[in-house]
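Observations on the model geometry
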Amino acid sequence: MSTVPLTERTSPMASTSPAVPDDTDDEAAERGRLDVALSVVRKIAEYAADHTAGTVRTQRRLAGLDLGEHGASAKVSGYGEQVDVRLEVPLAYPARITESAAAVRDHVRERVQALTPYRVRSLDLSVSALTDPSSRRD
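I will try to describe carefully the structure that is included in this document. Since this is a predicted model, take the numbers as computed values, not measurements. Here the residue index of a chain counts from 1 through its sequence in written order. Two thresholds apply to this predicted model, a pLDDT of at least 70 for residue-level local features and 80 or more for giving and counting side-chain atom pairs, whereas whole-chain, interface and lining totals are computed over all residues. Just so you know, side-chain values use all the structure's heavy atoms and leave hydrogens and water out.

**A word on the overall build of the protein**
- Scanning the protein for helices and strands turns up three helices and five strands.
- Labels follow the DSSP assignment, with helices taken as runs of H or I lasting at least four residues and strands as runs of E lasting at least two, numbered in each case from the N terminus. Starting at the N terminus and ending at the C terminus, the protein contains elements arranged as α-α-β-β-β-β-α-β.
- Across the 138 residues in the protein, those meeting the buried criterion constitute 25%.
- Pairs of residues are marked as contacts when any of their non-hydrogen atoms sit within 4.5 Å. A separation threshold of at least 6 residues defines the contact pool for the protein, and within that pool the share at least 24 residues apart is 60%.
- The protein chains shown are the only cover counted for residues, whose accessible areas, like all others here, come from Shrake-Rupley with a 1.4 Å probe. Counting only carbon and sulfur atoms, one obtains 51% of the accessible surface of the protein, whose full area is about 10,000 Å². Exposed residues in this analysis have more than 50% of their type's maximum accessible area, buried residues have under 20%, and partly exposed residues fall in between, with area computed by a 1.4 Å probe over protein chains only.

**Some details on the environment of H70**
- Inspection of the secondary structure puts H70 in strand β2 (residues 65–70).
- When the C-alpha positions of H70 and P90 are compared, they lie 8.9 Å apart, and in sequence the two are 20 residues distant.

**Overview of the environment of S73**
- Within the secondary structure, S73 is located in strand β3 (residues 73–79).
- By relative accessible area, which is 35% here, S73 ends up partly exposed.
- Sequence-wise, S73 and E46 are 27 residues apart; in three dimensions their C-alpha atoms are separated by 5.9 Å.
- Not counting the four nearest positions on each side in its chain, S73 is found in contact with E46, R86, L87 and E88.

**Digging into the pairing of strand β4 (residues 82–92)**
- The buried fraction of β4 is high, at eight of eleven residues.
- The pairing of β3 with β4 spans seven bridges and is antiparallel. When the bridges of β4 are listed, V76 appears paired with V85.
- Here β3 folds back onto β4, and the loop between the two strands holds two residues, one of which, G80, carries a positive phi near 70 degrees.
- By this definition, two strands are paired if DSSP reports at least two bridges between them. Note that β4 and strand β5 (residues 119–131) share eleven bridges and pair parallel. Within β5, the position partnered with V85 by the bridge is L123.
- By the criterion used throughout, a crossover qualifies as right-handed when its path from the first strand across the helix to the second strand runs clockwise, the strands pointing away from the viewer. Handedness of the crossover joining β4 and β5 through helix α3 (residues 97–115) is recorded here as right-handed.

What follows is the structure in structure tokens.
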């Protein structure tokens, strides 16, 4: 079996350009693969939800003690190339809740699918709080 150098012409019609091997898929397979852990998908989903218009951060309290702020919380499960995402998101109020929830769903789905090899099969969203951002204590 002989190999053809890239500078050698393979046909009389290709006299102006060098031959390019058409086994690029084989080369990609030889380099390895990328595995993205579901914990990374969870972080991406939470970040995307927190950075969608209409979401807010809320105060976390336990028995009167201030435990800081928190935003969206996600749980991710899946198999193969598909994931299921469950989100709990605090939303700003007063606002159109259905529009805010739709924006969160769209943004999270788009970011997860753009940044990971996974396709979002289902995305369930629960509103964990309705908070007036103008009444926050600083």
